[in-house]
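# Examination of the molecular architecture
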Amino acid sequence: MGSENYKSLDCINAADISALGIPFEVADQIHHQLAEIIRDSGAGTPQTWSSISKNLLTPELPFSFHQMMYYGCYKHFGPDPPAWLPDSGDANFTNIGKLLEKHGNEFLGSKYTNPISSFIDLQEFSVSNPEVYWRTVLEKMNVSFSVPPQCILQVDDPTNPGGHWLPCAQTNPAKNCLSLTGGKSLDDIALIWRGEGDNEEAVNKMTLKELREFVWHVAHAIESLALPKGSAIAIDMPMDVNSVVIYLAIVLSGYIVVSIADSFAPTEISARLKISKAKAIFTQDVIIRGDKRIPLYSRVVDAQSPMAIVIPAGDSSFSMNLRETDISWQSFLEKVNVSKEVEFVGVEQTTEAFTNILFSSGTTGDPKAIPWTVATPFKAAADGWCHMDIRKGDIVAWPTNLGWMMGPWLVYASLLNGASMALYNGSPLGSGFAKFVQDAKVTMLGVIPSIVRAWKSTNSTATYDWSSIRCFASTGEASNVDEYLWLMGRAGYKPVIEYCGGTEIGGGFVSGSLLQPQSLAAFSTPAMGCSLFILGEDGFPIPSDGPGIGELALGPLMFGASSTLLNADHYDIYFKQMPLWNGKILRRHGDIFERTPRGFYRAHGRADDTMNLGGIKVSSVEIERICNAVDSNIVESAAVGVPPVGGGPELLFVAVVLRDPNNTLLDTLAASFNSALQKKLNPLFKVSNVIPLPSLPRTATNKVMRRVLRQQFSQTDLNCKL
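Residues numbered from 1 in each chain as written. Predicted model: local features only at pLDDT ≥ 70, side-chain atom pairs only at ≥ 80, totals over all residues. Heavy atoms only, no water.

An unreviewed UniProt entry annotates the chain as AMP-dependent synthetase/ligase domain-containing protein originating from Penstemon smallii. Here is the UniProt Pathway (unreviewed entry) comment for the chain, exactly as written: "Phytoalexin biosynthesis; 3,4',5-trihydroxystilbene biosynthesis; 3,4',5-trihydroxystilbene from trans-4-coumarate: step 1/2." (UniProt positions renumbered as here; feature names shortened; annotations may be inferred.)

And the structure:
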């Protein structure tokens, strides 16, 4: 929906407002208030919208009225209208605002004026002077080292264009999460949680003291397994208190976490266990969702896992038969002979050591195994500190899983910054989660667009008070303007910080900021310490001060980014055949990005053959391999992600070439595709469209041109959605 369908604000009358279902008396009062705002700020300025969103709109008013105000205000504004404006008073009290108030003149000299006006200069400084910037930010975040780094960055190895960060330093990110630096106390609330179905009960809370003791206890128990130091230990569980404690305990004790999403089929679990050479795995008997009990331990067994430590779900009694190699959670914890107050000192490691192995889909069908080093968690936490303004006293919720990058990100971005982590043990799609956000008094709520779409379609947030929220954050997939306008309206029009990055980066490369105006479904700035380059048709960067669209490349020097892969050549994947810029080779990313005339950034999907389905990156090859085996009448297939009209997450379209087009029903074929994909790949995947073609478009070297199909399907009105 766009502004062309709406009247400008100065043409709206009380009858127009009442026609949206608002009683005329109320509509008349609203119209008088609107007239006053127009007199003060004009009929179509960002200040007009800011005043309307703060003083006129409430969650109780119909969303159609919110749309009338937003689109009416910006009817003649053009692209990228700001949905939120920073306030100078509030900006000075953000983490970055306070940093600029103290160091602005030192960093920027005469260019410094105030935090809002000078934010862009600070972002550029973070790229041009990483030594000063990152040393300052790590100090502000109270990161402690048992051995301090010789410097922040060394660039002396041509085979490693990303440089060597924090050389010779020794630290432990889990130990930093549990420390008492930065004014933290043992009585601080570290974790807040609630189980699905317990909506009328008070939220559960765990203090930092209790968290430390629980993590120490599990770390001592891990030591009793007598695994070689540096061994990989997998976690395949929902993200709850137990899995967070296990995660911290593995890192604290000098082992490597292997992150596996709890939605994966046995073949996917097995692939990740083999690639990482995991020596053990923590898992759960079942996943409880409402009345359903979804098997998990049995999938781990089918994956032929190594020794499993099996935790019972919820408060249910554990009665499942275990393999001889496996042990129950209770037996595991009983291995410890020391009291819970005995500290596990923690293993300090150099910043090249691995702490976590995560996976991201490649275009070959094999998941890329991406190690996070000791330095990567500090990148994740710094993004939260800089862009979402996470600080002591905040309560941070973001429905995710430790198998995806945002799971470990949430652990570090909250606990390293002294905030509380809020976890809901259940589906985030319903009113139970909405009530949890209210009762936990969440201040920073992270989302993905598909969750917001579910909330909006069912109005599941109705009657709940989200006024404690200071900002939202969104990642995983492309967002939709109307859905995010609706989301902002649930919390008094607090800003949405769009955030895009990658597992291999440990955080974001492009984001928003509370010191800049924020436009819906757009990014306002490169992430701190990151530089962005949009490549033109000649393969080289277009001018950085103008609009354009093309494949995105990144500056090579990014704190916390990957420098190796376990099962692929890192240089070949990210740097081979990339252009030089100012003497430095650029880093490949793979997304198509647009820089708009007003300086915002927008994502336009993948440039390669990887797609993003519900926040999960998956290669076309993986999907096609499964689809091709469904029906003997299929000659070949091509899977592409297609953005829907109006924006939002990609839809899965499968083009098929059939031996006998008259011998296969497309509805039946789509159902078969869905069944096979959900069983063998991921239960969240769904085919939206099956399109029969006489042949697939190919290059001169016979490669399938999926980009051409994606473009064709995006421009065609396909009404045969399944």
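Next comes the rest of the write-up.
Quick look at empty space enclosed by the protein now. Per the counting criterion, the structure on display carries 3 cavities of 30 Å³ or more. Considering only enclosed or pocket space, the largest cavity measures out at about 60 Å³ in volume. Ala 83, Trp 84, Tyr 484, Met 488, Pro 495, Val 496, Glu 498, Gln 518, Ser 519, Leu 520, Ala 521 and Ala 522 together form the lining of the largest cavity. Of all the elements in the fold, those that place two or more residues in the lining of the largest cavity are strand 1 (82–84), helix 19 (481–489), strand 21 (496–498) and strand 24 (518–519). Partitioning the lining of the largest cavity into residue classes produces 9 nonpolar, 2 polar and 1 charged. (1 Å grid on protein atoms, 1.4 Å probe; cavity = no way out; pocket = protein on both sides within 12 Å on 5 of 7 lines; lining within 4 Å. Points joined across faces, edges and corners; volume = space filled by probe spheres on them. Helix = DSSP H or I, 4+ residues; strand = E, 2+ residues; numbered from the N terminus. Nonpolar A, V, L, I, M, F, W, Y, C, P; charged D, E, K, R; others polar.)

One open sheet accounts for 3 strands, arranged 22-23-25; its pairing is antiparallel. Every other strand in the sheet has two partners, leaving strand 22 (500–502) and strand 25 (525–526) as the edge strands with one partner each. Of the strand pairs in this sheet, strand 23 (residues 507–511) and strand 25 are connected by 2 bridges, and their pairing is antiparallel. Bridging across to strand 25, Val 510 finds its partner in Pro 526. In the packing of helix 15 (residues 376–387) onto the sheet, contacts are made with strand 23 and strand 25, and the angle to strand 23 comes to roughly 35 degrees. (Pairing = 2+ DSSP bridges. Contact = heavy atoms within 4.5 Å. Axes fitted to C-alpha atoms, helices over the stretch in contact; angles between N-to-C directions.)

Right, let's get into the environment of Asn 176. Of note, Asn 176 is situated in helix 9 (residues 173–178). Considering only alpha carbons, one finds Asn 176 and Gly 614, 438 residues apart in sequence, at a separation of 33 Å. For Asn 176, the residues in contact, after removing those within four places along its chain, are Asn 142, Val 143, Ser 144, Thr 171, Lys 184, Phe 378 and Leu 416.

Moving on: the sheet that holds strand 34 (residues 634–642). If you walk across this open sheet you meet the 3 strands as 34-35-36, and the pairing is mixed. Sheet topology places strand 34 and strand 36 (687–692) at the edges, where each strand pairs with a single neighbour. Between one strand axis and the next, the sheet turns through 25 degrees on average, direction left out of account. Relative to strand 36, strand 35 (residues 651–658) runs parallel, the two being bridged by 5 bridges. When the sheet's bridge partners are listed, Val 654 is paired in strand 36 with Val 690. The sheet contacts of helix 22 (residues 666–680) involve strand 34, strand 35 and strand 36, and relative to strand 36 the element is tilted by about 130 degrees. In the packing of helix 23 (residues 706–715) onto the sheet, the strands contacted are strand 34, strand 35 and strand 36, and the crossing angle to strand 34 comes to about 65 degrees.

Mapped onto the elements of the fold, Thr 443 is located in the loop between helix 17 (431–440) and strand 19 (444–447). Here Thr 443 is in contact with Asp 394, Ile 395, Ser 468, Ile 469, Arg 470 and Cys 471, once residues within four sequence places are set aside.

Okay, the pattern of salt bridges next. For the structure on display, the rule yields 18 salt bridges. One salt bridge connects Asp 80 with Arg 602, and the closest N-O pair in it is separated by 2.6 Å. With Asp 80 in the loop between helix 4 (63–73) and strand 1 and Arg 602 in strand 31 (residues 601–606), this pair connects stretches of sequence that are 522 residues apart. You'll find Asp 80 and Arg 602 in the same group, each marked buried. The shortest N-O distance in the salt bridge between Glu 268 and Arg 272 comes to 2.9 Å. Note that Glu 268 and Arg 272 are positioned in helix 12 (residues 266–276) at a spacing of 4 residues, about one turn of the helix. Each of the two residues, Glu 268 as well as Arg 272, counts as buried. Among the charged side chains, a network of salt bridges with common partners joins Asp 389, Arg 391, Asp 394 and Arg 470. (Salt bridge = Lys/Arg side-chain N within 4 Å of Asp/Glu carboxyl O. Buried < 20%, exposed > 50% of the residue type's maximum accessible area, 1.4 Å probe, protein only.)

Along helix 8 (residues 130–140), the positions that sit buried rather than exposed are Pro 130, Tyr 133, Trp 134, Thr 136, Val 137 and Leu 138. Of the surrounding elements, those touching the buried residues of helix 8 are helix 6 (95–108), helix 7 (119–128), strand 2 (153–154), strand 3 (164–165) and helix 15. Positioned one or two residues after helix 8, Asn 142 has a phi angle of 60 degrees, which is positive.

Moving on to the layout of surface pockets. Here the second largest pocket is characterised by a volume of approximately 1,200 Å³. Around the second largest pocket, the lining is made up of 48 residues, and of these Gln 123, Glu 124, Pro 526, Leu 532 and Tyr 601 lie nearest the centre. When residues of the lining of the second largest pocket are assigned to their parent elements, the largest contribution, 7 residues, is made by helix 7.

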